[in-house]
Amino acid sequence: MASEVLSQAGLNVSVYDAMPSAGRKFLMAGKGGMNITHSEPFAQFLSRYGARRAELEPILNDFLPDALRAWVQGLGIETFVGTSGRVFPNEMKAAPLLRAWLHRLRSNGVQFRMRHRWLGWVENDLRFDTPDGERIVQADAVVLALGGGSWPQLGSTGIWQSILSQRGIAVEPLKPANCGFETVWSDYFRERFAGQPLKPVSILFSNQLGESFNQQGELTVAEYGLEGGLIYALSAPVREEIAARGSALIQLDLLPDRSLANIIDRLAKPRGKDSLSNHLRKRLGISGAKAALLRETLSAAEMDDPAKLAITLKALPITLTATRPIAEAISSAGGVSFTELDQQLMLRKFPGLFVAGEMLDWEAPTGGYLLTACLATGRAAGLGALAWLRQQ
Ligand SMILES: Cc1cc2nc3c(=O)[nH]c(=O)nc-3n(C[C@H](O)[C@H](O)[C@H](O)COP(=O)(O)OP(=O)(O)OC[C@H]3O[C@@H](n4cnc5c(N)ncnc54)[C@H](O)[C@@H]3O)c2cc1C
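About the criteria used
- Residues numbered from 1 in each chain as written.
- Predicted model: local features only at pLDDT ≥ 70, side-chain atom pairs only at ≥ 80, totals over all residues.
- Heavy atoms only, no water.
- Near = heavy atom within 4 Å.
- Polar contact = N/O pair within 3.5 Å; in protein donor to acceptor, adjacent residues only side chain to side chain.
- Areas by Shrake-Rupley, 256 points an atom, 1.4 Å probe, with all protein chains shown as cover.
- Helix = DSSP H or I, 4+ residues; strand = E, 2+ residues; numbered from the N terminus.
- Nonpolar A, V, L, I, M, F, W, Y, C, P; charged D, E, K, R; others polar.
- Salt bridge = Lys/Arg side-chain N within 4 Å of Asp/Glu carboxyl O.
- Buried < 20%, exposed > 50% of the residue type's maximum accessible area, 1.4 Å probe, protein only.
- Pairing = 2+ DSSP bridges.
- Axes fitted to C-alpha atoms, helices over the stretch in contact; angles between N-to-C directions.
- Domains from an automatic or database assignment.
- Buried area = accessible area lost by both parts, 1.4 Å probe.

S.K.: Now, about the site of the ligand: what can you tell me, with residues and values included?
M.R.: What surrounds the ligand is a group of 26 residues, the closest being D17, N35, W118, E358 and L371. Between the ligand and the protein, one listed contact pairs an oxygen atom with a side-chain N or O atom of D17 at 2.5 Å. Between the ligand and E358, the relevant distance is 2.5 Å, taken from an oxygen atom to a side-chain nitrogen or oxygen of the residue. Protein contact buries 90% of the 1,000 Å² of open area that the ligand shows by itself. Where the shell around the ligand is concerned, the elements lending two or more residues are α2 (24–29), β6 (117–122) and α16 (369–391). Class assignment for the residues of the shell around the ligand results in 14 nonpolar, 8 polar and 4 charged.

What follows is the structure in structure tokens.
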């Protein structure tokens, strides 16, 4: 986005990337259906950025989700709003969009220099490791958009953290966001139910700060614990709770569409010759992974206690002990602190050096919020660099 802004203004722009081709994580984001932004009201949209809402608001305001959709359309690709309000490019794929985008950038004169790993500076010049040895590059302005720390095999290794920290720039350590969480399953449950969905369910979670969360969605049982959109959405408060207390206790509502009274009522219906499993399946639709999770949690005696069973169906306790490693997360929290930056995303200590994308210290759930903020901050950094260069 920065190179687009700068090249359209007639500047000589080069994009350096450590990988052999551009946009590998962008392509990966398109694999399960590229969710590029969200159509919900803007105030709600902004709230997804939590503690960084204030910092991102002017930048997102300048590149609203509708503007993003128009930008995608400008690349010859229509978008559509899914039932959840999420916005996808037609066919939900990233490759046609990336292809059209790179083509347009190259037509604007942007030079792509791949297999160039940025190592830092020699005095004011940029140092790159290339297959042909080290290369020193001079630039009038620089935009760093080196990504976070997730899926490092796609290029975003986060090595920039030490390079920038050594230069005295405050960097919040990168942490996993939109990630799975670990818990201890019995061998029986793990072996039989890993990979199975739990849906619909709600997670009820209260943290030590007194904040409460109650969100409905879908989970998947993982060998190590839980993954899926619902737990990703709560990954920030759950992660912080584990950091503060060593673990986080969540409760799963396995029947979010039924009240406790309704469940008690249904469990009290005559069971006849039905086993408890059949009774639960017929009266409440509880089977598969949900039924196994109940048995994982309750003793045989507790399973036979209808009151205990009903309460557990509405609030099944699970202790989460750790996040999965950042390399497996969809995105990362932490990054270059906004206190280091001016309104144009320029590092105050290093005039002419701008920062954009996931390497900035913000996080958001999945739902298109990640790419929107990456694209918007890239554009803002490009505009900032343009304004700064003009001033010079
Ligand atoms: C599986 C998956 C699915 C996702 N799905 C979605 C989705 O549907 N919707 C959504 O909004 N977001 C999604 N995301 C998140 C989104 O892809 C990222 O937030 C976004 O790509 C970050 O953009 P970025 O430009 O900041 O960083 P990146 O896309 O990570 O790009 C950083 C670039 O910097 C390069 N680089 C890093 N260090 C160096 C160095 N030292 N020298 C040279 N080059 C370097 C890397 O090679 C890379 O090309 C998904 C992420 C994953 C992993």
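S.K.: Please provide a residue-by-residue account of the pattern of salt bridges, values included.
M.R.: Applying the stated criterion across every chain yields a total of 17 salt bridges. E241 is paired through a salt bridge with R245; the nearest N and O atoms lie 3.4 Å apart. With E241 and R245 both in helix α10 (residues 235–245) and 4 residues apart, the pair spans about one turn of that helix. With a relative accessible area of 5%, E241 lands in the buried category.

S.K.: Could you give me a rundown of the sheet that holds strand β7 (residues 125–130), with the residues and numbers involved?
M.R.: Taken in spatial order, the 3 strands of this open sheet run β6-β7-β8, and their pairing is antiparallel. Since the sheet does not close on itself, it has two edges, and those belong to β6 and β8 (133–137), each with one partner. Between one strand axis and the next, the sheet turns by 30 degrees as a mean value, whatever way the strands run. Sheet topology note: the β7/β8 ladder contains 5 bridges and is antiparallel. By the bridge assignment for β8, L126 is matched with V137.

S.K.: Now, about the domain arrangement of the protein chain: what can you tell me, with residues and values included?
M.R.: Along its sequence, the protein chain is carved into domain 1 (2–177 + 325–391) and domain 2 (181–323). The straight-line distance from the C-alpha centre of domain 1 to that of domain 2 is 37 Å. Contact between domain 1 and domain 2 buries roughly 620 Å² in total, counting both sides, with carbon and sulfur atoms accounting for 52%. Area buried by domain 1 at its contact with domain 2 is led by K175, P176 and E363, which between them contribute 45% of it. Viewed at the interface, domain 2 and domain 1 are joined by 2 salt bridges. K175 is the salt-bridge partner of E240, the closest N and O atoms lying 3.3 Å from each other. In this structure, the connection of domain 1 to domain 2 is made through 3 residue pairs in polar contact (both at pLDDT 80 or more). When the residues that make up the side of domain 1 that touches domain 2 are grouped by side-chain class, the tally is 6 nonpolar, no polar and 3 charged.

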